[in-house]
Every structure is written in structure tokens, then in C-alpha cells.
Amino acid sequence: MKRIPPSEILQQMAQEMAKETTTENLTSELIRLGAKKLIQELLEAAVTEQLGRERYERSDGDDQGYRNGYKKRKIDCAEGRIEIDLPQTRGREGGTRLPLWEAIKRRTDVLERLAIEMYACGLSTREAEDAFSEMAGDGSSLLSRSSVSRLTEVLWEEYEAFQKRDLSGYHVIYLFSDAVYESLRAQAGLKEGILVSWAILSDGAKVLLSMTLGNKESYEDWLSHYRDMVSRGLKTPLTVTTDGAPGLIAAVEAMWPEAERIRCWVHKMRNVLDKLPEEARVVIKPWLESIREAPDYESGKQLALSVAGKFSHDYPSAMRCLQDDLEASLAHLKLPSLHRKSVRTTNLVERSFLEERRRSKVIPRFRGERECLKLVFACLYRASCRWQRVRFSDIERRQLEKYVEQRE
């Protein structure tokens, strides 16, 4: 009596399952069966090619071996674990070796990682499913939308591991903090604040340190953010660069009163210029740039006071903004000249925020905090892996040592 090959059995199962319209997760089960059937057919065809004959077909004398049943094997894919009946042969030199089976096992991991990276790069789960359908070429999909969504949970695991890692090995010189806001479906009209800190280390490397939720970017939120990093071993930085958010500034001064606080010049110039009429901006902007690029702190301070006095009569609001938190705005001028451009702004992560918003705009509102955090983390962390180093030569190190001695 002829045995029915596993691929035909699977086809019968799929047809019967399709009639069971009330079956829970019917679509997912059909996809699993379809994937299993396809793999089974490919493996059976590979054995037929190796032996040079179909099932139950006699050889013509040049015997290449014969079929010898099946062994149960398992592969993990997006739809879960699939059990495969791997065809076996006997009488062949080298035994049963199917290159196709080895390729399938490797390809599963590649497809899963590809799905995760596609999602992190800004494709929605629906777009990822469409992309895999195009790859299949026959109208089917290698990975379904729900499968891609489940796979992206790996990003959450990566985020949790990132937030638990030990920071004591990072010798932080310059610390930076800023926030990005995202909308959640559960809070229509409201945005969730994500607090981000990164650093330049003593070897010039730029690293992303921490990313936590902070609903209002308040003093309490930022203080909790910093305390978490300190609890994981973060040492006191030499400087901390921030924008002008009051809660953030207060948290920095409470956490590290001995650190030099630097006010971001991108935010400073934007705030000053926003208080000027259009025609005055082209006049004032070069003055602001001259202050920012002053050779040292004292020169910058004198120039800032001079500019404020020169234009305070015509533009009092803008000049008050210029003088607000002036010491922190000029603090970068105390550092090595080679480092000033890197330290005087939060631009590094601001550019990453722009990239993250470009990717997250395919999701007008996130379903919840978990989905929001894992995508923002995926975008920012991958961007941070491409950050270039800052040069720390012996000259800059001696200048920093002198700066520390003066502060003490």
C-alpha cells in the first residue's frame, strides 16, 4: 500500500481547516500550514532530484539510493514553531544531506531579523507584510502582518536590556539630555515625553546612555531619569548640556551641582530670533554667532552685554532672552576649542529625533507606551551606532585637566 506523502496530508488538513470558519486564529494557522506544506514539497522535490526518480518509481540500474522514511525536525519562524517531516535516504554516499534544508534553517533567522530592521527603519507592519509578499512573488507572504508585529517584540527585549546595563564602565566627560514627544491612542490629544541622555566619553566615543518615559518632562521625571543612571554606576560628568526647560535645569543642578551646565545654543538662538521681527533677524543673527564663537568665556560675556545694551531699546524682549541664563550659554567657551562645537548644542540627538519622527509618522498614534518606546529606542539606538568620535588628543586632555583644576 502506497504511503501518502506529508505534503499531501498537509493539503488535506488545510482544506478541512478552511471549512472551520469558527477556528480561533484561523488565518495564522492556515499560514503555518501553508509554510509547512511549501517547505515539505520543496524537500520532497529535492530528494526526488537527488535519487533521480519519483516515489515508488523503480531505478533503471544506476542506483543513487532509495527513500527511507522521515525524521521529525523543527524550525522556528514568525508563526511559531513548525514541525517538518525531513525525508531520509539510504544507499547514497554521504547519507541524507539536503542543502535546501540547511538553507531554510538559516533563512528563517535572516527573514526574522530583516522584518525587525524594516520595522525599525519606519515601515509599518502592513508595509512589511507587502514587502515580503513581493519577495515571495506568487501573491503569498513570507511573513504576515501579525507575525511582523510579534517579531518586533525583540525590540522591547533589547530596550529592557539596554535600560538595565551597567554604566560604571563609561567614563563620561560631556553629558547631554533632551526629550522627544509622541502621541498615544489611549491619550487622544496628549503626547508622551521620552527623556533621552547620551554622552561623549573620555576616548571620544559618543554613546546613548538612557531613554525613559517622562509624561510632562517635569523636574520629578528628569530627576528619576538621572537617579536611574546613577544607580547603574554613572559617575558625575564634567558638563551637562540641556535646553532651557525649567524642570530639566533644576534636575541637573540637584543631581550634579558640581557639573558645569551648558545651555544649548540651537535653542538659545531660536528663542532670541523668534522674538524679533523678520527684518531684524538678519541684523541680530551675526551678533549672536559672534558671541557663540568668542575666543573665551570673558570675551563672550563682554560681547553679549554689549549687544544687549546696543539693541535693548528696540528689541527688549529678545535682549532679555539673550541675557537669560547667560553664564550657562557661554560655559562651552571654558572648554577646549576643538570640543566646543560638539558640546554647545543638543544637536546630535535632535537630528536623531528628526529621523525618528520621519519613521514614526507612519503610525499617527502609538497603541501604547510599550510600542512607542520600542520603536523610538530602535531608531535612536541604531542612529547612535553611526555617531562619529570626538578627538581627544594630549592637548585637549591637558586643557581639560587645567579646567578641572580651576573649578576646584
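That block above? That's the structure.
Reading the values: the criteria
- Per chain, residue numbering runs from 1 following the sequence as it is written.
- Residue-level local features of this predicted model are given only where pLDDT is at least 70; pairs of side-chain atoms are given and counted only at 80 or more, and the full residue set underlies all totals for whole chains, interfaces and linings.
- Only hydrogens and water are set aside; all other atoms, that is, all heavy atoms of the structure, feed into the side-chain values.
- For this analysis, a salt bridge means a side-chain nitrogen from Lys or Arg found within 4 Å of a carboxyl oxygen belonging to Asp or Glu.
- The helix and strand labels rest on DSSP assignments: H or I over at least four residues marks a helix, E over at least two residues marks a strand, and numbering proceeds from the N terminus.
- Remark: exposure states derive from per-residue accessible area (1.4 Å probe, protein chains only) relative to the maximum for the residue type, with buried under 20%, exposed over 50%, and partly exposed in between.
- A pocket, in this scheme, is an open set of points on a 1 Å grid over the protein atoms alone with protein on both sides within 12 Å along at least 5 of 7 lines, while a cavity is a set where a 1.4 Å probe fits but cannot get out; residues line either one if an atom lies within 4 Å of a point.
- Grid points are joined across faces, edges and corners, and a volume is the space filled by probe spheres set on the points.
- Classes in brief: Ala, Val, Leu, Ile, Met, Phe, Trp, Tyr, Cys and Pro nonpolar; Asp, Glu, Lys and Arg charged; the others, Gly included, polar.
- A patch is a set of surface residues, each over 30% in relative accessible area and not in a salt bridge, joined within 9 Å for like charges and within 5 Å for the nonpolar side chains Val, Leu, Ile, Met, Phe, Trp and Tyr.
- For accessible areas, the Shrake-Rupley method is used with a probe of radius 1.4 Å. Any residue's cover is judged against the shown protein chains and nothing else.
- Each residue after the first adds 1.5 Å to the expected span of a helix.
- Working definition of a nonpolar core: buried Ala, Val, Leu, Ile, Met, Phe, Trp, Tyr and Cys residues. They are joined through side-chain atoms within 4.5 Å.
- When checking whether two residues touch, look at their non-hydrogen atoms; a contact exists if any pair is within 4.5 Å.
- Under this scheme, a helix contributes an axis fitted over its contacting stretch, all axes are lines through C-alpha atoms, and angles between N-to-C directions fall in the 0 to 180 degree range.
- Orientation labels follow simple angle bins: below 35 degrees gives roughly parallel, above 145 gives roughly antiparallel, 65 to 115 gives roughly perpendicular, and whatever is left gives oblique.
- The handedness criterion is simple: a crossing whose near helix is rotated anticlockwise from the far helix by less than a right angle is left-handed, and one whose near helix is rotated clockwise is right-handed.
- As used in this structure description, the phrase polar contact means that two N or O atoms lie within 3.5 Å; if the pair is within protein, one of them must be able to donate a hydrogen and the other to accept it, and residues adjacent in sequence are counted only when both atoms belong to side chains.
- Stacked, edge-to-face and tilted are the three classes for Phe, Tyr and Trp ring pairs, Trp counted by its six-membered ring, which pair at centre distances within 6.5 Å; planes under 30 degrees apart are stacked, over 60 edge-to-face, the rest tilted.
- For a ring to carry a charge above it, either NZ of a lysine or CZ of an arginine must fall within 6 Å of the ring centroid while also lying within 35 degrees of the normal to the ring plane.

*Asks:* Hey, could you run me through the pattern of salt bridges in this one?
*Replies:* Note that side chains of opposite charge can pair when their charged atoms are close. As enumerated under the stated definition, the model contains eleven salt bridges in all. In this structure, Glu 260 engages Lys 334 in a salt bridge whose closest nitrogen and oxygen atoms are separated by 3.4 Å. Within this pair, whereas Glu 260 is found in strand S7 (residues 260-263), its partner Lys 334 is found in the loop between helix H13 (326-330) and helix H14 (337-343), the two being separated by 74 residues in sequence. Its relative accessible area of 29% is what places Lys 334 among the partly exposed residues. Taking the shortest distance from any N to any O, the salt bridge between Arg 261 and Asp 325 comes out at 2.7 Å. Of the two residues, Arg 261 sits in strand S7 while Asp 325 sits in the loop between helix H12 (316-323) and H13, which places them 64 residues apart along the sequence. Owing to a relative accessible area of 19%, Asp 325 belongs among the buried residues under this scheme. Among the charged side chains, a network of salt bridges with common partners joins Glu 253, Arg 261, Arg 263, Asp 324 and Asp 325.

*Asks:* Is there a simple way to think about the layout of surface pockets in this case?
*Replies:* Summary: where empty space remains is shown by rolling a probe the size of a single water molecule over the atoms. Approximately 340 Å³ is the volume found for the second largest pocket. Elements supplying a minimum of two residues to the lining of the second largest pocket: strand S3 (172-183) and helix H17 (394-407). Class assignment of the residues belonging to the lining of the second largest pocket gives a composition of eight nonpolar, three polar and six charged.

*Asks:* For this particular structure, what's the right way to read a nonpolar patch on the surface?
*Replies:* Side chains of Val 282, Val 283 and Trp 287 sit close together on the surface and give an oily, nonpolar patch of about 270 Å² of accessible area. Among the secondary structure elements, Val 283 is positioned in helix H10 (residues 278-292). Classification of Val 283 by relative accessible area gives partly exposed; the value is 42%.

*Asks:* What is the right way to look at helix H16 (residues 369-384) in this model?
*Replies:* The α-helix winds at 3.6 residues per turn, so residues separated by three or four positions along the chain end up facing the same way. Counted at 1.5 Å a residue, the expected span for H16 with its 16 residues is 22 Å, and the 22 Å between its end C-alpha atoms agrees. Of all the 16 residues making up H16, 13 are buried; the element is thus mostly covered by neighbouring parts of the structure.

*Asks:* When you look at the nonpolar core in this model, what are you seeing that I'm missing?
*Replies:* Most often, soluble globular proteins keep nonpolar side chains buried together rather than apart. Among the nonpolar cores identified, the biggest contains 30 residues, and Tyr 174, Ile 194, Val 196, Trp 198 and Met 211 are the most heavily contacted of them. Every element with two or more residues in this core is listed here: helix H6 (153-164), S3, strand S4 (191-201), strand S5 (206-213), helix H15 (347-360), H16 and H17. Here the element with the most residues in this core is H16; it accounts for five residues. The contact partners of Tyr 174, leaving out residues within four places of it in the chain, are Trp 198, Ala 199, Ile 200, Leu 238, Thr 239, Leu 335, Pro 336, His 339, Val 343, Phe 392 and Leu 400.

*Asks:* In this structure, what is going on with the packing of helix H9 (residues 265-274) against H10? I would like to understand it.
*Replies:* What describes two packed helices is the angle between their axes and the distance between those same axes. With their axes 10 Å apart at the nearest point, H9 and H10 run at an angle of 150° to one another. It follows from the interaxial angle that H9 and H10 lie roughly antiparallel. Handedness of the crossing formed by H9 with H10: right-handed. When H9 is examined against H10, the residues Trp 265, Met 269, Val 272, Leu 273 and Asp 274 are found in contact with a partner set consisting of Arg 281, Lys 285, Leu 288, Glu 289, Ile 291 and Arg 292. Residues that form the contact of H9 with H10 fall into these classes: six nonpolar, no polar and five charged.

*Asks:* Would you mind showing me how to read the side chain of Ser 177 here?
*Replies:* Locating Ser 177 in the fold gives a position in strand S3. The exposure class of Ser 177 is buried, given its relative accessible area of 0%. Separated by 2.8 Å, the side chains of Ser 177 and Ser 197 make a polar contact. Excluding residues that lie within four positions of it along the chain, Ser 177 makes contacts with Val 196, Ser 197, Trp 198, Trp 222, Tyr 226, Thr 241, Thr 242, Leu 248 and Thr 346.

*Asks:* Quick question: what am I supposed to make of the packing of aromatic side chains here?
*Replies:* Each aromatic ring pair is described using two quantities: the centre-to-centre distance and the angle formed by the ring planes. Tallying each qualifying case throughout the model produces ten aromatic pairs. With centroids separated by 6.4 Å and ring planes inclined at 35°, the aromatic side chains of Tyr 174 and Phe 392 adopt a geometry described as tilted. Pair noted here: Tyr 174 is in strand S3 and Phe 392 is in the loop between H16 and H17, with a separation of 218 residues, a long-range link. Assigned by exposure class, Tyr 174 and Phe 392 land together as buried. Connected via pairs of aromatic rings, a cluster forms that spans Trp 156, Tyr 159, Phe 162, Phe 377 and Tyr 381. Above the ring of Phe 311, the side-chain terminus of Lys 310 is found at 5.7 Å from the ring centroid. Directly above the aromatic system of Tyr 297 lies the positively charged group of Lys 334, at a separation of 4.6 Å from the ring centroid.

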